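# Inside the fold
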Amino acid sequence: MKRMLASSSPAMVLLFMVFAVLVMLPEASAKRWLVGDNMGWNSNVNYSIWVKGKHFYNGDWLFFVYDRNQIDVLEVNKKDYEKCNSDHPLHNWTTGAGRDDVPLNVTRNYYFISGKGGFCFKGMKVAIHVENLPTPPKEDDSQMADAPTLPPAIAEAPTLAQPPVEIRAPASALPPTIAKATSPPQPPAETGAPTFSPERGGAPTLSSRTQVLLMAVVFAIGATWDTFIHFC
């Protein structure tokens, strides 16, 4: 028995949840209208003005509050409504407590009058038109309509061409042979006085013999270092 209850409990919970949702759906969209607002169901109210501008939807309720000793709530057809005839009501919603709820669960016209005291001839009657709830607009369409669009002038604007960038390396970073070939020609040096290169900031230029000697020393140092690395 316990196994049967355990196996059926998930199904029972699911059915209960579905039932709860179905019960709550009408309540989420339904509205309870107090007939006549704070004046209630009374002979001193013009209910044609009260109904004007209101929308009654399928699933709403009418709440009649009145003096139960003098007034009642009768639902009649259109012909009896116009003539205030209470002899053949479609439904008598009077419960005796003076607090009556009338469900509006069909999309049609409802006609209510008071059959006592001749109050209907004094304007104590109300006609209600019930309609279905309007369908909400699609969310995708509203989002597409609200999406901003760029003007054609901005969308088709051409891109500006960038000028080419020329990269020049300093003469000090080039090898001696390339730097010497690219350097501008120097004026001839005066005899008996050392010449100065303006690019060196006033340093004296070396003679060709000194340059050859320095190159031989650098070559010898490089060869010695290479031999040392090879044998070590």
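Residues numbered from 1 in each chain as written. Predicted model: local features only at pLDDT ≥ 70, side-chain atom pairs only at ≥ 80, totals over all residues. Heavy atoms only, no water.

## Side note on the environment of Y81
By the element assignment, Y81 lies in helix α3 (residues 78-83). Setting aside chain neighbours within four positions, we find Y81 in contact with V76, Y111, F112, I113, K125, V126 and A127. (Helix = DSSP H or I, 4+ residues; strand = E, 2+ residues; numbered from the N terminus. Contact = heavy atoms within 4.5 Å.)

## Some points on the state of the cysteines
For the structure shown, the criterion picks out one disulfide. The residue that forms a disulfide with C84 is C120, at a sulfur-sulfur distance of 2.1 Å. In this structure the cystine formed by C84 and C120 twists about its S-S bond by roughly -75 degrees; its chirality is therefore left-handed. Here C84 is found in the loop between α3 and β5 (91-92), whereas its partner C120 is found in the loop between β7 (109-113) and β8 (125-131), with 36 residues between them in sequence. Each member of the pair, C84 as well as C120, carries the same accessibility label: buried. (Disulfide = S-S within 2.5 Å. Buried < 20%, exposed > 50% of the residue type's maximum accessible area, 1.4 Å probe, protein only.)

## Things to note about the pattern of salt bridges
The full count for this structure, using the stated rule, is two salt bridges. Between R32 and D101 there is a salt bridge whose closest N-O contact spans 3.0 Å. Of the two residues, R32 is situated in strand β1 (residues 32-34) and D101 in strand β6 (residues 99-104); the sequence distance between them amounts to 69 residues. Residue E75 is joined to R108 by a salt bridge in which the shortest nitrogen-to-oxygen separation is 2.9 Å. Of this pair, E75 sits in strand β4 (residues 74-76) while R108 is found in the loop between β6 and β7, placing the two residues 33 residues apart along the sequence. Assessed through its relative accessible area of 4%, E75 is described here as buried. Overall, R108 belongs to the partly exposed group, its relative accessible area being 33%. (Salt bridge = Lys/Arg side-chain N within 4 Å of Asp/Glu carboxyl O.)

## A few points about the environment of F119
By the element assignment, F119 lies in the loop between β7 and β8. The spacing of F119 and N42 is 77 residues in sequence and 8.5 Å in space, taken between C-alpha atoms. Non-local contacts of F119, meaning those with residues more than four positions away in its chain, are made with S43, Q70, I71, S114 and M124.

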